[in-house]
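Residue-level listing of the chains:
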Amino acid sequence: MKSDVIIALDFPSEEKAWAFLDHFKSLEEKPFVKVGMELFYAAGPEFVKKLKAEGYPVFLDLKLHDIPNTVAGAVNSLKGLGVDMLTLHASGGREMFARAKEAINDMEHPPILLGVTVLTSFSDEGRKEALLGENHSVEETVEGLAKMALSAGCDGIVSSAMEGEYLRKTIGSSFPLVCPGIRPKGVSAGDQKRVVTPEDARKIGVDFIVVGRPITKADDPLSAYSAIRRDFLGGNE
Ligand code: C5P
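The numbering scheme is per chain: residues are counted from 1 as the chain's sequence reads. Per-residue local features of the predicted model are confined to residues with pLDDT of at least 70, and side-chain atom pairs are confined, for both listing and counting, to 80 or more; whole-chain, interface and lining totals are unaffected and use all residues. Only hydrogens and water are set aside; all other atoms, that is, all heavy atoms of the structure, feed into the side-chain values.

Moving on to the overall build of the protein chain. What counts as a helix is a DSSP run of H or I of at least four residues, what counts as a strand is a run of E of at least two, and both are numbered from the N terminus. When helices and strands are tallied, the protein chain shows 10 helices and 8 strands. Radius of gyration means the value over C-alpha atoms here, while the globule rule gives 2.2 Å times the residue count to the 0.38 power. What you see for the protein chain is a C-alpha radius of gyration of 17 Å, in line with the 18 Å of a compact globule of 237 residues. Only protein chains enter the accessibility calculation, which uses a 1.4 Å probe; a residue is then buried when its area is under 20% of its type maximum, exposed when over 50%, and partly exposed in between. Counting the 237 residues in the protein chain, one finds 51% classified as buried. What makes two residues a contact is simply this: any of their non-hydrogen atoms within 4.5 Å. Relative to all contacts within the protein chain whose residues are 6 or more apart in sequence, the contacts with residues 24 or more apart total 69%.

Listed below in structure tokens is the structure:
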């Protein structure tokens, strides 16, 4: 799959999401979009099917995290949607990934399973408190989770681009790296703590950047998307 910008469709309803997508009507190819919990819980699987039927590449970001049997069942239930990427929390552990992978084994075009390492909204104190990571740096936590997830059958990794650089050095470039927490220069970080510009993400070796508010809240979403895409792809559009 070619590197690209993925737009986070963080909207409360299907109507708002379609109205937003109208801004991109003039593009030859549909943009890659991410459906997260907010929109999926409001609009449901039928909305995702419609996006796919219209030709949108879809990243379904449900960050599954439960016992292996339950996650395998959830992945099985999502199979019919035909999504291109699906997230699971890496801290769910080895068996959870193995069972999720097993559940999609028989698909002709299975989704890329992505392991979410440390949320980009965590400050260092917040991460230490929530993940009991007092004795480890954020890089060590991300690396440990990523290695475990990849060896258990996960295809790619979600992390902040800041840790992405470390992952490329320690684990290499054999897996797709997907990074949210992206902010073009001069745009507010909002609740994101570990942010990187689109251009720096490319230099680090990130394959896909996930961008929400800098595009969804822009006065002109198409121009914002096009500028971010130009910076990220650096002429390889
Ligand atoms: O608006 P913003 O660009 O901050 O949106 C980032 C998107 O990426 C959100 O949809 C958020 O759920 C998602 N995400 C994240 N950090 C992760 C994984 C996903 O911010 N580690």
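Any residue with at least one heavy atom within 4 Å of a molecule or strand is counted as near it. What surrounds the ligand is a group of 17 residues, the closest being D10, T120, R183, G212 and R213. In the analysis that follows, any N or O atom pair within 3.5 Å is treated as a polar contact, provided that within protein one partner can donate a hydrogen and the other can accept it, and provided that, for residues neighboring in sequence, both atoms belong to side chains. Measuring from an oxygen atom of the ligand, one finds a side-chain N or O atom of D10 at 2.7 Å. At 2.7 Å from an oxygen atom of the ligand is found a side-chain nitrogen or oxygen belonging to R183. Accessible surface area values rest on a Shrake-Rupley calculation with a 1.4 Å probe, where residue burial reflects the displayed protein chains alone. Against a free-state accessible area of 470 Å², the protein chains account for coverage of 87% of the ligand. Among the secondary structure elements, those contributing two or more residues to the shell around the ligand are strand 3 (58-64), strand 8 (208-211) and helix 9 (213-216). Each residue gets one of three labels, nonpolar for Ala, Val, Leu, Ile, Met, Phe, Trp, Tyr, Cys and Pro, charged for Asp, Glu, Lys and Arg, and polar for the others, Gly among them. Tallied by class, residues from the shell around the ligand come to 8 nonpolar, 3 polar and 6 charged.

Moving on to the UniProt feature "active site" (unreviewed entry) in the protein chain. UniProt positions are given in the numbering used here, feature names are shortened, and annotations may be inferred rather than shown by experiment. Here the UniProt-annotated "active site" (unreviewed entry) positions come out as D61, K63 and D66. As for its position among the elements, K63 is in strand 3. Not counting residues within four places of it along the chain, the set of residues in contact with K63 comprises M37, T87, L88, H89, V116 and L119. A distance of 2.8 Å separates polar atoms of two side chains, one belonging to K63 and the other to D61. The residue D66 is located in the loop between strand 3 and helix 3 (68-78) in this model.

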